[in-house]
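Chains, contacts and geometry: an overview
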Amino acid sequence: MRALDLKLLRDLWRLRGQALAIALVLAAATSTFVLSMGVSRSLAETRDAYYSRNNFADVFVEMTRAPRSVVDRIAAIEGVGQVEGRIQQYASLDMPGRIIPVRALINSVDEHGYNRLNLITLREGRLPRAGAPQEVVVDEAFAQANALGIGDDVAALIYGSRQPLRIVGIGLAPDFIYSLAPGDLVPDNTRLGIFWMGEEALEAATDRKEAINSLSLTLQRGASEAEVIRKVDNIVAPYGGAGAYGRADHVSHAFVANEMAQLDAMTQVIPPVFLIVATFLVYIVLGRLIRTERTQIGLLKAFGYSDWAIAAHYLKFSLVVAGLATLGGALAGIWMGRAMTELYLEFFRFPFLEYRVSGSVFLGAALLSFGAAALGAMGGMRTAVRLNPAVAMSPPPPPVYRAGMLERFGTWGGFSATGHMIARHIARWPIRSAITVLGVSLSIALLFATLQFLDSSRTMLDSYFLRAQRQDMTVTFVEPRNEDVLFELEQIPGVLRAEAVRAVPVKLSFTNHTERTAIESTAEDGMLSARIDADGNELGLPPAGLMLSRRLADKLGLSAGDTVHVELLGGRQTELDMTVAGVVDEFVGERAYATQGVVERLTRDASPVGAALLRVDPAERASILTQLKDMPGVLGVTERDASMERFEELIDDNINTMLFFYIAFASAISVGVVYNSARILFSERAHELATLRVLGYFRSEVGIVLLGELALLVVVAVPVGCILGYWLAQFMTAMFASDLFRLPFAPSRATYGVASLVVLGAASLTAIGVAMRVARLDMVRVLKAHD
Amino acid sequence: MAKELAFHGIGLSKIYQTGETQVHALRGADLEIPSGELLVLLGPSGSGKSTLLNIVGGLDRPTSGELYYHDTDLVALDDRQLTRFRRANIGFIFQFYNLIPSLTAKENVQLVTDIAQDPMDAMAALNLVGLKDRADHYPAQLSGGEQQRVAVARAVAKQPGVLLCDEPTGALDSKTGARVLETLALANRELGTTVVIITHNVGIAAMAHRVLNFLDGRIASVEINESPIDPAEISW
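Every chain's residues receive numbers from 1 upward, in the order its sequence appears when written. For this description, chains carry letters from A and ligands carry numbers from 1, given in the order in which they are written. pLDDT decides what is reported in this predicted model: residues at 70 or higher carry local features, side-chain atom pairs at 80 or more are listed and counted, and totals for whole chains, interfaces and linings draw on all residues regardless. Processing note: side-chain calculations cover all non-hydrogen atoms of the structure and skip hydrogens and water entirely.

**Structural notes on the overall build of chain B**
Test applied: Segments assigned H or I by DSSP are reported as helices when at least four residues long, segments assigned E as strands when at least two residues long, and all are numbered from the N terminus. Only protein chains enter the accessibility calculation, which uses a 1.4 Å probe; a residue is then buried when its area is under 20% of its type maximum, exposed when over 50%, and partly exposed in between. We call two residues in contact whenever any of their non-hydrogen atoms come within 4.5 Å of each other. Accessible surface is estimated by sampling points in the Shrake-Rupley manner with a 1.4 Å probe; for residues, cover comes only from the protein chains shown. Positive charges are assigned to Lys and Arg, negative charges to Asp and Glu, while His and the chain termini are left out of the count. Note that the charge is assigned to NZ on lysines, CZ on arginines, CG on aspartates and CD on glutamates.
Counting its regular elements, chain B contains six helices and ten strands. Structurally, chain B occupies a C-alpha span of about 45 × 45 × 40 Å along its principal axes. Looking at the 236 residues of chain B, the share that counts as buried comes to 55%. Residue pairs at least 24 apart in sequence account for 70% of intrachain contacts in chain B once pairs closer than 6 positions are excluded. Summing over all exposed atoms, chain B offers an accessible surface of approximately 9900 Å²; the carbon and sulfur share of this is 47%. If you average the places of the 20 positive and of the 28 negative side-chain charges in chain B, the two averages end up 4 Å apart.

**Here we look at the confidence of the model for chain A**
The criterion, for reference: Each residue carries a pLDDT value, the predictor's own confidence for that position, ranging from 0 to 100.
On average, residues of chain A score 87 in pLDDT, and 97% of them are at 70 or above. The lowest-confidence element of chain A is helix α12 (residues 405-413) of chain A, averaging 56 in pLDDT; the highest-confidence one is strand β6 (residues 135-139) of chain A, averaging 96.

**Some remarks on a nonpolar patch on the surface**
Basically, it comes down to this: A patch consists of residues whose relative accessible area exceeds 30% and which take part in no salt bridge; residues with like charges are grouped when within 9 Å of each other, and nonpolar side chains (Val, Leu, Ile, Met, Phe, Trp, Tyr) when within 5 Å. Salt bridge, as used here, is a side-chain nitrogen of Lys or Arg placed within 4 Å of a carboxyl oxygen of Asp or Glu.
Residues L299, F303 and M393 of chain A make up a contiguous nonpolar surface patch of roughly 310 Å² in combined accessible area. Turning to its location among the elements, L299 of chain A is positioned in helix α8 (residues 294-303).

**Quick notes on the pattern of salt bridges**
Applying the stated criterion across every chain, the model contains 47 salt bridges over all chains. For E203 of chain A, the salt bridge is made with K209 of chain A, and the minimal N-O distance between the two is 3.8 Å. Judged by its relative accessible area of 4%, E203 of chain A is buried. A salt bridge links E190 of chain B to R189 of chain B, with the shortest nitrogen-to-oxygen separation between them at 3.8 Å. By relative accessible area, which is 55% here, E190 of chain B ends up exposed.

**Concerning the sheet that holds strand β3 (residues 38-42) of chain B**
In any sheet, the strands associate via hydrogen bonds between backbone groups, in a parallel or an antiparallel arrangement. All names here are of chain B. Inclusion rule: Any two strands between which DSSP finds at least two bridges are classified as paired. Angles shown run from 0 to 180 degrees and are taken between the N-to-C directions of axes, each axis being a line fitted to C-alpha atoms and, for helices, limited to the stretch in contact.
Judged by pairing direction, the sheet is mixed, and its six strands sit side by side in the order β6-β7-β8-β3-β9-β10 without closing on themselves. Looking at strand neighbours, the two that pair on one side only are β6 (90-93) and β10 (218-224), the edges of this open sheet. Averaged over all pairs of adjacent strands, the angle between strand axes in this sheet comes to 20°, irrespective of strand direction. As judged from the four bridges shared by β3 and strand β9 (residues 210-215), these two strands associate in the parallel manner. Of the residues in β9, the one forming a bridge with L42 is N213. Packing against the sheet, helix α5 (residues 144-157) makes contact with β6 and β7 (162-166), and its axis sits at approximately 175° to β6. Running over the sheet, helix α6 (residues 174-190) touches β3, β6, β7 and β8 (194-199) and is turned about 155° from β8.

**Comments concerning the packing of helix α7 (residues 251-292) of chain A against helix α9 (residues 307-347) of chain A**
Residue and element names in this part refer to chain A. Keep this limit in mind: Should an angle fall under 35 degrees it is called roughly parallel, over 145 degrees roughly antiparallel, and 65 to 115 degrees roughly perpendicular, with every other angle called oblique. A clockwise turn of the near helix away from the far one marks a right-handed crossing, whereas an anticlockwise turn of less than a right angle marks a left-handed crossing.
The geometry of α7 relative to α9 is characterised by a closest axis approach of 12 Å and an angle of 155° between their N-to-C directions. It follows that α7 is roughly antiparallel to α9 by the angle criterion. Crossing geometry of α7 relative to α9 is assigned as right-handed. Of α9, the residues touching α7 (which contributes E259, L263, V282, L286, L289 and I290) are Y314, F317, S318, M340 and Y344.

**Considering unusual backbone geometry**
Positive phi is not limited to glycine here, since T511 of chain A has a value of about 45°. Looking at where T511 of chain A falls in the secondary structure, it is placed in the loop between β13 (495-510) and β14 (513-522). Residue T511 of chain A is classed as exposed on the basis of its relative accessible area of 66%. Located in the positive-phi region is E167 of chain B, a residue other than glycine, with phi close to 50°. Counting through the fold element by element, E167 of chain B comes out in the loop between β7 and α6.

**So, the pairing of strand β3 (residues 88-94) of chain A**
Residues and elements named next belong to chain A. With five of seven residues buried, β3 is to be regarded as a mostly interior element. In this structure, β3 lies alongside strand β4 (residues 102-109), joined through six bridges in antiparallel fashion. For Q88, the partnering residue across the bridge sits in β4 and is N107. With four bridges connecting them, β3 and strand β7 (residues 153-158) associate as antiparallel partners. Bridge pairing in β7 places S92 opposite L157.

**Describing the packing of aromatic side chains**
Using the following cut-off: Ring pairs are drawn from Phe, Tyr and Trp, using the six-membered ring of Trp, whenever the two centres fall within 6.5 Å, and their geometry is named by plane angle: stacked under 30 degrees, edge-to-face over 60, tilted for the rest. Geometrically, a charge over a ring is one whose NZ (Lys) or CZ (Arg) sits within 6 Å of the ring centre while staying within 35 degrees of the ring normal.
Going through the model one piece at a time under the given rule, you end up with 16 aromatic pairs over all chains. Ring geometry for F56 of chain A against F60 of chain A: centres 5.4 Å apart, planes inclined by 40°, an arrangement best described as tilted. In this structure, F56 of chain A and F60 of chain A share a single accessibility class: buried. Their ring planes at 25° and their centres at 5.8 Å tell us that F60 of chain A and Y245 of chain A sit as a pair that is stacked. Linking F60 of chain A in strand β1 (residues 59-67) with Y245 of chain A in strand β11 (residues 245-246), this pair joins segments that are 185 residues apart in sequence. Taken as a pair, F60 of chain A and Y245 of chain A share a single burial class, namely buried. In textbook terms, an aromatic cluster arises when at least three aromatic residues are bridged by ring pairs, as seen for Y50, Y178, F255, Y344, F348 and F350 of chain A. Over the face of the ring belonging to W13 of chain A we find R16 of chain A, whose NZ or CZ atom lies 4.2 Å from the ring centre. Here R80 of chain B stacks its cationic end above the ring of F698 of chain A, 4.1 Å away from the centre of that ring.

**Focus: the interface of chain A and chain B**
For the record, the criterion: Any N or O atom pair separated by 3.5 Å or less is treated as a polar contact, with the protein-specific requirement of one donor-capable and one acceptor-capable atom, and with residues adjacent in sequence counted only for side-chain atom pairs. When residues are sorted by character, Ala, Val, Leu, Ile, Met, Phe, Trp, Tyr, Cys and Pro go into the nonpolar class, Asp, Glu, Lys and Arg into the charged class, and all the rest, Gly among them, into the polar class.
With 31 residues of chain A in contact, the opposing surface of chain B contributes 30 residues. Counting across the interface, chain A meets chain B through four salt bridges. One can count 13 residue pairs in polar contact (both at pLDDT 80 or more) joining chain A with chain B. Listing elements by their share of the side of chain A that touches chain B, those giving two or more residues are α13 (417-428), α19 (640-694), α20 (699-736) and α22 (779-784) of chain A. Element by element, the count of residues in the side of chain A that touches chain B is highest for α19 of chain A, at seven residues. Residues that form the side of chain A that touches chain B fall into these classes: 14 nonpolar, eight polar and nine charged.

**Observations regarding the confidence of the model for chain B**
Scored by pLDDT, chain B comes out at a mean of 88, with 99% of its residues at no less than 70. Interface predicted TM-score (ipTM) for the complex: 0.87; the corresponding pTM is 0.81.

**Overview of the nonpolar core**
Filter applied, for reference: As used here, the term nonpolar core means buried Ala, Val, Leu, Ile, Met, Phe, Trp, Tyr and Cys residues forming a set that is joined through side-chain atoms within 4.5 Å.
Grouped together as the largest cluster of nonpolar side chains are 154 residues, with contacts concentrated most on F274, Y344 and F348 of chain A together with L111 of chain B. Contacts of F274 of chain A, omitting those with residues within four sequence positions, involve V25, A28, A29, T32, L446, F665 and I669 of chain A. Of all hydrophobic cores here, the second largest spans 39 residues; its members include A151, V156, A185 and I234 of chain B.

**Observations regarding helix α2 (residues 16-53) of chain A**
Residue and element names in this part refer to chain A. This is how the line gets drawn: Expected span of a helix, by definition, is 1.5 Å for each gap between consecutive residues, and there is one gap fewer than residues.
Look at α2: 51 Å from first C-alpha to last across 38 residues, which is about the 56 Å you get at 1.5 Å a residue. In terms of burial, α2 is largely enclosed, as 28 of its 38 residues are buried. Just past α2, the residue N55 takes up positive phi, approximately 50°.

**So, the packing of helix α3 (residues 105-113) of chain B against α5 of chain B**
All names here are of chain B. Where α3 contacts α5, the two axes come as close as 8 Å, and the packing angle between them is 25°. Taken together, the axes of α3 and α5 lie roughly parallel to each other. Viewed along their axes, α3 and α5 form a crossing whose handedness is right-handed. Where α3 approaches α5, its residues A105, N108, V109, V112 and T113 are matched on the opposing element by V150, A153, R154 and A157. A class-by-class count of the residues in the contact of α3 with α5 yields six nonpolar, two polar and one charged.

**Things to note about helix α1 (residues 49-56) of chain B**
Each full turn of the α-helix corresponds to 3.6 residues, which orients residues three or four apart in the same direction. Residues and elements named next belong to chain B. Extensive coverage of α1 is indicated by the burial of eight of its eight residues. For α1, every residue scored as buried is listed here: K49, S50, T51, L52, L53, N54, I55 and V56. Just beyond α1, the residue with positive phi is G58, at close to 80°.

**Some points on the side chain of Q163 of chain A**
For Q163 of chain A, the location among the structural elements is in strand β8 (residues 161-172). Excluding its chain neighbours within four sequence positions, the residues that come into contact with Q163 of chain A are P133, V154, A155, A156, I158, M197 and A205 of chain A.

**Side note on the pairing of strand β21 (residues 609-616) of chain A**
Residue and element names in this part refer to chain A. Counted residue by residue, β21 has seven buried out of eight residues, so it is predominantly covered. With five bridges connecting them, strand β12 (residues 473-481) and β21 associate as antiparallel partners. Bridging across to β21, T476 finds its partner in A611. Bridge analysis of β13 against β21 gives six bridges, and the strand direction is antiparallel. Paired with A498 across the bridge in β21 is L614.

Given below as structure tokens:
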């Protein structure tokens, strides 16, 4: 080994603490990169493989009822590949021993195995056979959550009639990677099952002989989705077509895509923060190393080493650190990626989801980490190259101190001599001090920006569940009913109040923008539902016209006072121009709201009860649920508290895993920054600190000179970190917003406090650890040396 | 006339363990330093004089032996008590000044007056060494002689019982060296401070009341100087 490389190894060993602290921060960058990129790529690859293997369709449309022959007409559209029609029907299940309502979405499958699209992957068993109308395949997650297996029987209420079902297969399909029961915010495998039943059997059970209510198709390569959708809509319109849509609007696909977009957003925000800090750390540590090795550099140059050889020597120092970080970070990233993938499997139903990191992800991580380290090394390398050997071998000129801004402040404040030492040292090294402040504040910012998602979820919970939904139960019906059903519900003992709500699918057009959505209607005097805007205000329904959610209004490019063209989808083909009376800033979904009266002008069917909201006496809950189960026309019952609990559970599960990572990451930055600052400070001031000890200062007093400077910088970093965190959090919240929901930005004061305290704690422990070295200060030896 | 003893040491020895070798820096020195004496320690490098000075000043501990400052048993003190002893009684002056570069001359003196019990005013101390006009200069803006005088002012400012000087003129030319020594003699004469000076320079011995000659970790001989001369008259 060459002598210079030996020196490199020894330098690394001597500075191992600092090198490790830098590696820690770089490893955090690598690991978060490997984590989010890896998980996102794994999800994408798994999803794409699943889609292509199981022929996931490109365009979907639901109708009230259409003859099977419509399939051939649609297949004739230019650009359409395969088309398949099926029946989709919600049913309620009678699960023995369970009073909570359980729903199933039953899909028809060809008994002879002629299906081409959205194919089922069977885990066990087989598909339903012809002539066995009771046979069903049940989705895996539901079967697991409810401890169901092959051969088990389930009683279902399908289309008003009770029917025994027997499970013959357990499987899953690409159109149900993610499934949500109507009205739910998070998936609940215990209360919603996806079933597949023989086509003939479901036709018979739903009175749809040779008829379908759902259609999927694939597009030929190069076909225009918008064009095909337009033509499909024209064909299915007479059959109550609810508007065809592409994958982007398919619930399951949209949720998976949304998750991947969030992961990509994380990749763009979090690793860069670590990279910036690591670059700065390399910059200050190498800068200090080169200052202390000034004479050696002069000597090496005098011996004939080239500028490049010396620059490369210091570059290698940073690259070795980057190498260690890449390795450690990649391993940590894989480990965390596995944990996160497990988490995903809880609510995404894939036949397989393997966390695999491709070589390109590792390569990307390595490039970032080596790049940041090399960039940080540039400053030091330049100094080393520029050193003139003759000048370098003589001792450096004494550092020049002068009164800075703090200094003038100090004279007013009557600082002690040691106070001046602290203030002037900060002023003497402004860049390094700024880097310390920036590093610590970035760690507060990062922790804050991640922790505030907790506040965000709580605010959403509060606004969506507690304030917007005041009902105890929501009863959904197979078909919209007239108001008589409300009186019927109020007859059930324990039901205190019943109100009608209904959502009708519509197409809204304004200028050249068109959006598919639903208008939700409630009674004019409704008390059980409310629209809460982002500021927490409750907005009443306008007596005439529509109220649009902000996101929908923005997409259409309209504002209050504009007139929007409304086209009813499904049922009658009414078209109307309506005034947009107001816009509401909401967190969930993109919808329009109107009073019952306004919606009836559109539907003209006097059936405002798509679902009923109930306020009930909690003591009567069980008996009410039992009666609802037997009530004809009832599709399902959602209990608000159960949904809320499920949502909270999901947050808690996520948060506990993530909280650990976030705190670890934020601490990594502050430990890395403070440790390096403290070590540099200590090595620069060892001589002065020893002098103070000789003059009769106690260890604790000397420690304060060392810690005082750090404490001052860290204290300055707290407000800076809170401001940076506020921005970063806003930025991340905006990046996380999707068509499905957007997170409220509502950080609580406690979160600022927690983020600051965690980082202050990590910083203090690190600094105190370094300050312990004061105890080992050898006064005699330090003073013998001429600095 | 039996003057009170400032320091009284019996059989002081110091062994440094460096790696596998033991270095006997001090091999059983007996020492008596009367209060108010100006004592010079002479001897070649490694003869043990700095080691003795560091032990006497409470920077280091003897491996064996006894050491008293007036009635205080220095060997029995823990680290915190030794620090308190230094803070209260000892002023140090080193060959390389050891000023804090980020503090002005006046503030370097304040470093000591901030923590001393009965210090003189920092400006008065600087006045004593003739540097009143340079009070607001940083060490980098002062010459070597001026820096050493600031160090003297810093040592004197707390009005210590003892001034311990390790090669105070080692880095100075004869003219500035003489000025520094004059200040030390002044402190000894006017304030009654006990002064111990380590030097290689035999000429300096002429200003001492007594001279201890060191050789191989032992006090080889003691000379008593009946008529100490003024530092200005020292020939370098």
